[in-house]
Amino acid sequence: MIDRSRLILDIFAQHAQTHEGRLQVELAQLEYQLPRLTRLWTHLSRTGSGIGTRGPGETQLETDRRVIRDQIKKMKERVEQVRQQRARPRAAATGG
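Presented here is a report on the structure given in the accompanying data block. Bear in mind the structure is a predicted one, so any value in this text is a computation, not a measurement.

### A short note on the packing of aromatic side chains
Tallied over the full model, the rule gives zero aromatic pairs. Here the basic side chain of Arg 36 rests over the ring of Tyr 32, its NZ or CZ set 3.8 Å away from the ring centre.

Below, the structure written as structure tokens:
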């Protein structure tokens, strides 16, 4: 089942034409997905636990959240790089 917001993001993803547009849609999808994570991997409830490790480890849900947060951070950096690259030719053309 797909909800309305997810459907809208999917439509935007299909119609994004510029590199920056595709990056922004991907960023929006990641930000949408982060609070909606569920336990998809219950058989991996604790990773990193066992002999020779410290503490119980982190749950798969925590791992997934950390990975998505890292992806969001990288995506924001990429969007900002594209914006800066796009602004350079404009500044040169206007003499600024």
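Now that the structure has been shown, we can carry on.
### Brief notes about the pattern of salt bridges
Applying the stated criterion across every chain yields a total of three salt bridges. In this structure, Arg 83 and Glu 20 form a salt bridge, with 3.0 Å as the shortest nitrogen-oxygen distance. Residue Arg 83 is found in helix H3 (residues 60-94), and its partner Glu 20 is found in helix H2 (residues 19-33); the two are separated by 63 residues along the sequence. According to the relative accessible area criterion, Arg 83 is partly exposed, its value standing at 37%. Judged by its relative accessible area of 10%, Glu 20 is buried. For Glu 31, the salt bridge is made with Lys 76, and the minimal N-O distance between the two is 3.7 Å. In this pair, Glu 31 sits in helix H2 while Lys 76 sits in helix H3, placing the two residues 45 residues apart along the sequence. For Glu 31, a relative accessible area of 38% translates into the label partly exposed. On the accessibility criterion, Lys 76 (44% relative accessible area) is partly exposed.

### A look at the packing of helix H1 (residues 4-15) against H2
The N-to-C vectors of H1 and H2 enclose an angle of 160°; their axes lie 9 Å apart at closest approach. By the angle class used here, H1 and H2 are roughly antiparallel. Our pair here, H1 against H2, has a crossing hand that is left-handed. Of the residues in H2, those in contact with Ser 5, Arg 6, Leu 9, Asp 10, Phe 12 and Ala 13 of H1 are Val 25, Ala 28, Gln 29 and Tyr 32. Residues belonging to the contact of H1 with H2 are distributed by class as follows: six nonpolar, two polar and two charged.

### Brief notes about the nonpolar core
Among the nonpolar cores identified, the biggest contains eleven residues, and these are Leu 23, Leu 27, Leu 30, Leu 34, Leu 37, Leu 61, Ile 68, Ile 72, Met 75, Val 79 and Val 82. Among the elements that take part in this core, H3 stands out by supplying six residues, more than any other. Among all residues touching Leu 61, those that are not within four sequence positions of it are Leu 37 and Thr 38.

Quick notes on the rules
- Residues numbered from 1 in each chain as written.
- Predicted model: local features only at pLDDT ≥ 70, side-chain atom pairs only at ≥ 80, totals over all residues.
- Heavy atoms only, no water.
- Phe/Tyr/Trp six-rings, centres within 6.5 Å; stacked < 30°, edge-to-face > 60°.
- Lys NZ or Arg CZ within 6 Å of the ring centre and 35° of its normal.
- Salt bridge = Lys/Arg side-chain N within 4 Å of Asp/Glu carboxyl O.
- Helix = DSSP H or I, 4+ residues; strand = E, 2+ residues; numbered from the N terminus.
- Buried < 20%, exposed > 50% of the residue type's maximum accessible area, 1.4 Å probe, protein only.
- Axes fitted to C-alpha atoms, helices over the stretch in contact; angles between N-to-C directions.
- Parallel < 35°, antiparallel > 145°, perpendicular 65-115°, else oblique.
- Left-handed = near helix turned anticlockwise from the far one by under 90°.
- Contact = heavy atoms within 4.5 Å.
- Nonpolar A, V, L, I, M, F, W, Y, C, P; charged D, E, K, R; others polar.
- Core = buried A, V, L, I, M, F, W, Y, C linked by side-chain atoms within 4.5 Å.

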